[in-house]
Amino acid sequence: MSVNKAILIGFVGNDPEVRYLDSGTPVANFRLATSESYTNKGGEKITQTEWHNIVVWRGLAEVVEKYVKKGTQLYIEGRIRTRAWDDRDGNKRYTTEIVVDTLQMMGRKGDNAGDNISSPQDTSEEKPPASPSSDDMDNGADDLPF
């Protein structure tokens, strides 16, 4: 058995880019910043920020398109996925991204455009296809019994 689950709470670093595939399926991409702070031996406060590439499909992508903007605080659950491709020069390139299953806006009322709009929780229609770059929009569902 194995588990591939990421849980992040962070701030959106850029306005989401939402596009629609030929099939009409929406997909949103944006970066999410998570930060960790600590005090070093010299008493100086250090903050380290990690940037995550986020991919959101279908109904959740429509929620993102309507309500999420740069600076929005989000709670995200999803799967870690690494994709590979060849660039124009023939070099192998890789990207690691979080494919979102659950998304919730956070913060105080009025802080975000959607005022704490919550998305549907992990419904089977929200599952992304096996490969986002393919035109084959198979839902990529597992054969797991739960």
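Residues numbered from 1 in each chain as written. Predicted model: local features only at pLDDT ≥ 70, side-chain atom pairs only at ≥ 80, totals over all residues. Heavy atoms only, no water.

Chemist: So what about the nonpolar core? Which residues, and what values?
Modeler: Of all hydrophobic cores here, the largest spans 18 residues; its most connected members are Phe30, Leu32, Ile54, Val56, Leu74 and Ile76. Among the elements of the structure, strand S1 (6–12), strand S3 (26–39), strand S4 (45–57), helix H1 (58–67), strand S5 (73–86) and strand S6 (92–105) are those that each provide at least two residues to this core. Among the elements that take part in this core, S6 stands out by supplying 4 residues, more than any other. Leaving out residues up to four positions away in the same chain, isoleucine 54 has contacts with Leu8, Ala28, Asn29, Phe30, Leu32, Ile76, Ile98 and Val100. (Core = buried A, V, L, I, M, F, W, Y, C linked by side-chain atoms within 4.5 Å. Buried < 20%, exposed > 50% of the residue type's maximum accessible area, 1.4 Å probe, protein only. Helix = DSSP H or I, 4+ residues; strand = E, 2+ residues; numbered from the N terminus. Contact = heavy atoms within 4.5 Å.)

Chemist: Which residues make up the pattern of salt bridges, and what values do they have?
Modeler: Within this structure, the stated rule accounts for 6 salt bridges. A salt bridge links glutamate 77 to lysine 5, with the nearest nitrogen and oxygen atoms 2.9 Å apart. Remark: lysine 5 occurs in the segment before S1 and glutamate 77 occurs in strand S5; sequence separation between them is 72 residues. Of the charged contacts in the structure, one is a salt bridge between aspartate 86 and lysine 92, with a shortest N-O distance of 3.8 Å. Members of the salt-bridge network, linked through shared partners, are Arg81, Arg83 and Glu97. (Salt bridge = Lys/Arg side-chain N within 4 Å of Asp/Glu carboxyl O.)

Chemist: Describe the side chain of arginine 81, listing the residues and the values that go with them.
Modeler: Structurally, arginine 81 can be placed in strand S5. With relative accessibility at 15%, the residue arginine 81 sits in the buried group. Here the side chain of arginine 81 touches glutamate 97 through a polar contact of 2.6 Å, side chain to side chain. (Polar contact = N/O pair within 3.5 Å; in protein donor to acceptor, adjacent residues only side chain to side chain.)

Chemist: So what's going on with the pairing of S4? Residues and values would help.
Modeler: Note: S3 against S4, 13 bridges, orientation antiparallel. Its bridge partner being in S4, phenylalanine 30 is matched across the sheet by isoleucine 54. Counted along the chain from S3 to the antiparallel partner S4, the turn is 5 residues long, and its residue glycine 43 has a positive phi close to 85°. The pairing of S4 with S6 spans 3 bridges and is parallel. Each bridged residue has a counterpart across the sheet, and for isoleucine 54 the counterpart in S6 is isoleucine 98. (Pairing = 2+ DSSP bridges.)

Chemist: Can you lay out the environment of arginine 58 for me, pointing to particular residues and giving the numbers?
Modeler: Of note, arginine 58 is situated in helix H1. For arginine 58, a relative accessible area of 16% corresponds to the buried category. As for arginine 58 and threonine 25, which are separated by 33 residues in sequence, their C-alpha atoms are 5.8 Å apart.

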